[in-house]
Protein chains: 4
Amino acid sequence: MIWRSDTRRSTKKSTASPSSGWRIRTSSSGGGHKAHREVSDEIVERVHKRVLAGMGLIVLHSGHFSKIFKKLMGTTCNLKWREADEKERLWVVSPGHPIAEGIGEYIELEQEEMYGESFEIPAPDELVFVSWFEGGEVFRSGCTYTRGQGKIFYFRPGHETYPTYYNEEIRKVIRNAVHWAAPTGRPAPLFGNRKPLEPLKSRQEA
Amino acid sequence: MIWRSDTRRSTKKSTASPSSGWRIRTSSSGGGHKAHREVSDEIVERVHKRVLAGMGLIVLHSGHFSKIFKKLMGTTCNLKWREADEKERLWVVSPGHPIAEGIGEYIELEQEEMYGESFEIPAPDELVFVSWFEGGEVFRSGCTYTRGQGKIFYFRPGHETYPTYYNEEIRKVIRNAVHWAAPTGRPAPLFGNRKPLEPLKSRQEA
Amino acid sequence: MIWRSDTRRSTKKSTASPSSGWRIRTSSSGGGHKAHREVSDEIVERVHKRVLAGMGLIVLHSGHFSKIFKKLMGTTCNLKWREADEKERLWVVSPGHPIAEGIGEYIELEQEEMYGESFEIPAPDELVFVSWFEGGEVFRSGCTYTRGQGKIFYFRPGHETYPTYYNEEIRKVIRNAVHWAAPTGRPAPLFGNRKPLEPLKSRQEA
Amino acid sequence: MIWRSDTRRSTKKSTASPSSGWRIRTSSSGGGHKAHREVSDEIVERVHKRVLAGMGLIVLHSGHFSKIFKKLMGTTCNLKWREADEKERLWVVSPGHPIAEGIGEYIELEQEEMYGESFEIPAPDELVFVSWFEGGEVFRSGCTYTRGQGKIFYFRPGHETYPTYYNEEIRKVIRNAVHWAAPTGRPAPLFGNRKPLEPLKSRQEA
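Residues numbered from 1 in each chain as written. Chains lettered and ligands numbered in written order. Predicted model: local features only at pLDDT ≥ 70, side-chain atom pairs only at ≥ 80, totals over all residues. Heavy atoms only, no water.

Draft legend 1. Inspection of the relation of the copies chain D and chain C at higher detail. Between chain D and chain C, which share one sequence, the superposing operator has a rotation angle of 180° and an axial displacement of 0.0 Å; the RMSD is 0.0 Å. As the rotation angle and translation indicate, the two copies are arranged about a two-fold axis. Residue D:Gly74, judged by its C-alpha, is the member of chain D lying nearest the rotation axis, at 2.4 Å. (Least-squares fit on C-alpha atoms with pLDDT ≥ 70 in both.)

Draft legend 2. Quick look at the side chain of D:Arg147. Within the secondary structure, D:Arg147 sits in strand 8 (residues 138-147). For the buried residue D:Arg147, which engages in no salt bridge, the nearest side chain bearing the opposite charge is D:Asp125, 4.4 Å off. One polar contact links the side chain of D:Arg147 to the main-chain carbonyl oxygen of D:Leu72, over a distance of 3.4 Å. Once you skip the residues sitting within four places of it in the chain, D:Arg147 turns out to touch C:Met73, C:Thr75, C:Pro122, C:Arg147, D:Val51, D:Leu52, D:Leu72, D:Pro122, D:Asp125 and D:Ile152. (Helix = DSSP H or I, 4+ residues; strand = E, 2+ residues; numbered from the N terminus. Buried < 20%, exposed > 50% of the residue type's maximum accessible area, 1.4 Å probe, protein only. Lys, Arg positive; Asp, Glu negative; His and termini not counted. Salt bridge = Lys/Arg side-chain N within 4 Å of Asp/Glu carboxyl O. Polar contact = N/O pair within 3.5 Å; in protein donor to acceptor, adjacent residues only side chain to side chain. Contact = heavy atoms within 4.5 Å.)

Draft legend 3. Seen up close, the pairing of strand 7 (residues 126-133) of chain A. All names here are of chain A. Along strand 7, seven of the eight residues are buried, which leaves the element largely enclosed by surrounding structure. In this sheet, strand 7 lies alongside strand 5 (residues 80-92) in antiparallel orientation, the contact comprising five bridges. Paired with Glu-88 across the two strands is Phe-133, which belongs to strand 7. For strand 7 and strand 8 (residues 138-147), the ladder comprises six bridges, and the chain directions are antiparallel. Its bridge partner being in strand 8, Trp-132 is matched across the sheet by Val-138. Between the antiparallel neighbours strand 7 and strand 8 lie four residues, among them Gly-136 with a positive phi of about 110°. (Pairing = 2+ DSSP bridges.)

Draft legend 4. View of the pattern of salt bridges. Counted by the stated rule, this structure contains 56 salt bridges over all chains. Across the salt bridge formed by A:Arg89 and C:Glu198, the nearest N and O atoms sit 2.5 Å from each other. In this pair, A:Arg89 is assigned in strand 5 and C:Glu198 in the loop between strand 10 (192-193) and helix 5 (201-205), connecting two distinct chains. For A:Arg89, a relative accessible area of 0% corresponds to the buried category. Using a relative accessible area of 11% as the deciding quantity, one classes C:Glu198 as buried.

Draft legend 5. Structural context of the interface of chain A and chain B. Between chain A and chain B, the contact holds 42 residues from the first and 42 residues from the second. Across the contact surface, chain A and chain B share zero salt bridges. Elements supplying a minimum of two residues to the side of chain A that touches chain B: helix 2 (41-52), helix 3 (67-73), strand 5, strand 8, strand 10 (192-193) and helix 5 (201-205) of chain A. Tallying contributions element by element places strand 5 of chain A first for the side of chain A that touches chain B, with seven residues. For the side of chain A that touches chain B, a count of residues per class yields 14 nonpolar, 13 polar and 15 charged. Pairing of strand 10 of chain A with strand 5 (residues 80-92) of chain B involves two bridges; the strand directions are parallel. By the bridge assignment for strand 5 of chain B, A:Gly192 is matched with B:Lys80. (Nonpolar A, V, L, I, M, F, W, Y, C, P; charged D, E, K, R; others polar.)

Draft legend 6. Expanded view of the interface of chain D and chain C. Taken together, the contacts link 42 residues of chain D with 42 residues of chain C. Carbon and sulfur atoms supply 55% of the area buried between chain D and chain C, which totals about 3400 Å² over both sides. When the area that chain D buries against chain C is broken down by residue, the three leading residues are D:Glu120, D:Glu134 and D:Phe191, summing to 15%. Linking chain D with chain C are zero salt bridges, by the criterion used here. Seen at the junction of chain D and chain C, the total is 22 residue pairs in polar contact (both at pLDDT 80 or more). Secondary-structure elements contributing two or more residues to the side of chain D that touches chain C are helix 2 (41-52), helix 3 (67-73), strand 5 (80-92), strand 8, strand 10 (192-193) and helix 5 (201-205) of chain D. By residue number, the principal contributor to the side of chain D that touches chain C is strand 5 of chain D, which donates seven residues. (Buried area = accessible area lost by both parts, 1.4 Å probe.)

See the structure below:
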């Protein structure tokens, strides 16, 4: 599932892409944060269960404030931000990571919204991109997590007033992430009360 | 704050220890899981905020199922378990970690409840102990996390029918963890809309 | 490259597998540790460069003491061991990891050599398997690392007197690891003295 | 031990600071990289052993190219660099880390040498600082590692033509790191052939 939120458009929809098997969830209507709140807790619970059961989740840009991302991270996911048409340069800092496949040293975006540290997230399992911003900030822009059997990738860029999602390298990163986050075929984990696999001394004595 | 739950005792209290500045929270009354549910969401929200603001949190044994731990982890924190008076041996796997100070190669407990993998938690920032159980299971028994400015240590042993908390090495680990989890003196992070620290080309042109 | 060492066989060879593109390096001749020493430093240097440039490396069993693994880890890679025909159970502790694809809760090996903690390695980037041994020890049995652009997987089992490499699940893990460790297509990193990407105040003033 | 290299001074010495118990190792004489080569392999071996046995190691600035750091990391520790009197801003990205105690959101240095990614190091156990550079680069500037029982902190700033080490916040970070890297009192690890801690079925049958 790819999760993003648009702050300017006034529709809300969930689109199934039959070819990829991926579902794009766009939550919007005049303010990303407002839209996040409109997603019901029940849906968040169901997506949370699906992620833990193995469904990949790609969280884009202001999706950092979505209920599902905050629930999975266990933190506020708060950050600094500024809309000032400034330059962003995303540096690859995990040079062998499959999400960076086909990407050069960095991706340059002429104009983007700034997101700056502190970004209140758990330390990522893998830090793939770090952004440089013209205004003086840095940001952990590409972060992977595993929660349960599910793989999660947070990717920073994508403000809706800039043509970021038409950038070929940005699209390549998202495609790479979709492949990376594909579920791993494994049985569901077993929990709860379990018999011993080996003989216990306490039982033999009894 | 040290968080544990007792399943047999019938009191519930929060004890301030003036000498240490630590507050021990014991939630109980005939079933740890029941007791967890009795902690109100409002209290969980307040503890969550305090942890992110820097308060250390030590979660013991069945505290893995407390609302606050699950909220901070973002996962179910589910696991396997068995009460069968079996031997546990906690091996140190982070030999330089301050939480293992003064501990030998392993801690042996003649009788404990078994907790087994899968343990549905995020991969710990640092894995300090791994338990071996007589019945054939292993468990990630000592796990550190940082969330916001707060440090969290989960420590597995401590079933209420065994004298685990009288074991000198177990007590040493908990003392070490309290020191390790002490808050770091830093200003609260700044979030939200921020002015640039450097001149922006877009602004100069305007 | 898959690196293992055999202590009983008396040949030493490097086998190219044309179908997979993988090269199996077996170093042997009556004692794994002796054989490791026979690998020249020059070859180790060349393999090291290739790994940093992106070549995957799978290190099996006593390959923990190979020169190349010790050089990549930066530690002694020392451990405890015992040959006593004892049971090993490898528990999956990263349930979503592609190296664990198709594997159940654990892999059981009726007879194996014991390797026990402390295992003097850097904390793995990802810990995929933890072994339980009949004799009372645990071991971090499946460890991933990235060094430069290269992915490394250390996998514990494989003593030459047991039929471990005929076990279907063990073979599956190794196949999974080969896929996981495949090089990521990226340009070689640029190092050294570099011109600024942005105008510098110090230069403008000059 | 604090390890730095000076490229302009012409002395080489090892200074014991009796009050702190720390030893400052400065390797120099007209070119940091030349000086690194002058440190004998035998001394590197001895320092390596001491670090694995628990001695803290603080590596400053061009110490990234010291033999001991490269040996501990297992990689080239190569990076980009530029001397152009440009601004550096070190952002705290691990807000609860003891090495960041007393430090605000960032440390600003008016003029420094630039070090840029890719920095060919293992992913740090903890990433404490990320630098922003005026010329458009970012850098993982504060990195912690544990190797054996020893704690290692790499800290980027400190070019010898700038007054960096007179900066109070930089000094505070180094002091914090010295405390953080203090050895943990634990017995030396046991390796090699070991008897079982539990009765083995194979032995009972025999």
